[in-house]
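Structural characterization, general
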Amino acid sequence: MCELFAASLNQPLLLNNYLKEFYTHSPNHPHGWGLACISGSLVNIEKEPIMAIDSDYLTQRLEVPISSPVVLAHIRYATMGTMEYVNTHPYTLNDYKNNAWTLIHNGTIFKYSALDSYIHIQKGSTDSERILYYLIDQMNQSYTEGNDLFYFFDKIITDMSKGNKLNVIFSDGSYVYVHTNYDSSLYYLKKEEGTLFATVPLSDENWQKVPMNCLLVYDKGQLIYEGNNHHHTYYDNQQDLNQIYQTYSNL
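The notes below deal with the structure included here. Since the model is a prediction, treat every value here as computed from it, not as a measurement. (Residues numbered from 1 in each chain as written. Predicted model: local features only at pLDDT ≥ 70, side-chain atom pairs only at ≥ 80, totals over all residues. Heavy atoms only, no water.)

**Thoughts on unusual backbone geometry**
Where the residue is not glycine, phi is negative for most of them; where a peptide bond is considered, it is trans in most cases. Put simply, His 89 and Pro 90 share a cis peptide bond, and its omega is 0 degrees. Tracing the backbone shows Pro 90 in the loop between β4 (70-75) and β5 (91-94). The residue Asn 213 is not glycine, and still its phi comes out positive at about 65 degrees. Positionally, Asn 213 belongs in the loop between β11 (208-209) and β12 (216-219). Asn 213 sits in the buried class, given a relative accessible area of 5%. Of note, Lys 220 is a non-glycine position whose phi angle comes to about 55 degrees, a positive value. The topology assignment puts Lys 220 in the loop between β12 and β13 (222-226). (Helix = DSSP H or I, 4+ residues; strand = E, 2+ residues; numbered from the N terminus. Buried < 20%, exposed > 50% of the residue type's maximum accessible area, 1.4 Å probe, protein only.)

**A word on the sheet that holds β11**
Taken together, seven strands build an open sheet; the order of strands is β3-β2-β4-β1-β10-β9-β11 and the sheet is antiparallel. The open sheet is flanked by β3 (42-48) and β11, the only strands paired with a single partner. Contacts from helix α1 (residues 16-23) reach β1 (3-9), β2 (33-39), β4, β9 (187-191) and β10 (194-198) within the one sheet, and its direction differs from that of β4 by about 15 degrees. (Pairing = 2+ DSSP bridges. Contact = heavy atoms within 4.5 Å. Axes fitted to C-alpha atoms, helices over the stretch in contact; angles between N-to-C directions.)

**Observations regarding the pairing of β10**
Among the five residues in β10, five count as buried, and that is most of the element. With five bridges joining them, β1 and β10 adopt antiparallel strand pairing. Within the sheet, the bridge partner assigned to Ala 6 lies in β10 and is Phe 197. Sheet topology note: the β9/β10 ladder contains five bridges and is antiparallel. Directly across from Lys 191, in β10, lies its bridge partner Gly 194. With antiparallel pairing between neighbouring strands as the criterion, β9 and β10 make up a hairpin whose turn holds two residues.

**Observations regarding the side chain of Arg 61**
Structurally, the position occupied by Arg 61 is in helix α2 (residues 56-61). Ignoring sequence-local partners within four residues, the contact set of Arg 61 consists of Leu 35, Cys 37, Glu 46 and Ile 66.

**Describing the pairing of strand β6 (residues 100-108)**
Taken across its nine residues, β6 has nine buried, putting it largely inside the fold. Strand direction decides the pairing type here: β5 and β6, joined by four bridges, are antiparallel. By the bridge assignment for β6, Thr 92 is matched with Thr 102. Counted between consecutive antiparallel strands, the loop separating β5 from β6 contains five residues, among which Asn 98 sits at a positive phi close to 70 degrees. Pairing between β6 and strand β7 (residues 165-171): seven bridges, direction antiparallel. Paired with Ile 104 across the bridge in β7 is Ile 169.

**Considering the sheet that holds β13**
What the six strands build is an open sheet, ordered β5-β6-β7-β8-β12-β13; its pairing is antiparallel. Because the sheet does not close on itself, it has two edges, and the strands there are β5 and β13. The mean inter-strand angle of the sheet, taken between neighbouring strand axes irrespective of direction, is 25 degrees. Taken together, the four bridges between β7 and strand β8 (residues 175-179) define a ladder with antiparallel strand orientation. By the bridge assignment, Ile 169 is partnered in β8 with Val 178. The strands touched by helix α3 (residues 127-142) within the sheet are β5, β6 and β7, with β6 carrying the most contacts at an inclination of about 135 degrees.

Below is the structure:
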């Protein structure tokens with residue numbers, strides 16, 4: 001599995017120490033690192049298809065203060081897609097209003113035919129990139145916006161989570177959407193400055209498990225929407241593990 005980190009802030013908070021700890025986990029996730037600093041419509045993505053601790057650039061980058069209203073970070077363990085820049089998270093895509101959406105994903109989509117049509121138009125070859133294409137394409141077709149968008153994405157994530165491992169965080173630069181359906185694989189830390197998320201706790205502070213099986217939406221660190229529990233918990237099974245092994249052996 002990959003690891004995720006995210007922040008939804010209401011005031012500046014230096015994230016460097018959290019990110020430094022996060023990227024030290026990269027020996028177990030050696031296939032790429034990424035960092036997105038987002039402020040409204042401004043999205044700055046930095047990433048490389050190498051192990052984070054081997055990146056001289058990242059070492060220097062983490063010495064510069066990092067604090068944006070929304071931050072997403074990722075270290076990759078490839079289960080689909082080769083070690084290339086185009087297969088490295090985060091991914092970003094504009095909607096029909098030219099709003100930029102950014103996504104990170106930890107998990108595997110084993111079967112969801114609605115994503116198949118994006119294989120031939122995506123830049124890379126990961127299921128994660130296809131998730132973003134599908135979400136934005138569906139939104140563009142429905143012209144859903146405002147609070148209705150929370151319910152709209154909730155229905156999609158609920159459907160996509162059936163039989164799939166779907167730890168995903170995405171943002172339009174204002175709202176941060178969070179979902180996990182795999183036990184003990186996503187935690188949150190509530191602070192005065194906002195809320196942080198990570199696959200594993202990154203400090204001795206009071207990290208809590210993110211509620212499972214429902215879409216959560218945060219605005220400036222505050223939870224503003226919680227979807228209904230869809231009960232689609234993902235459990236490891238031999239058939240899926242064989243599929244991952246077969247796919248990975250062909251990378």
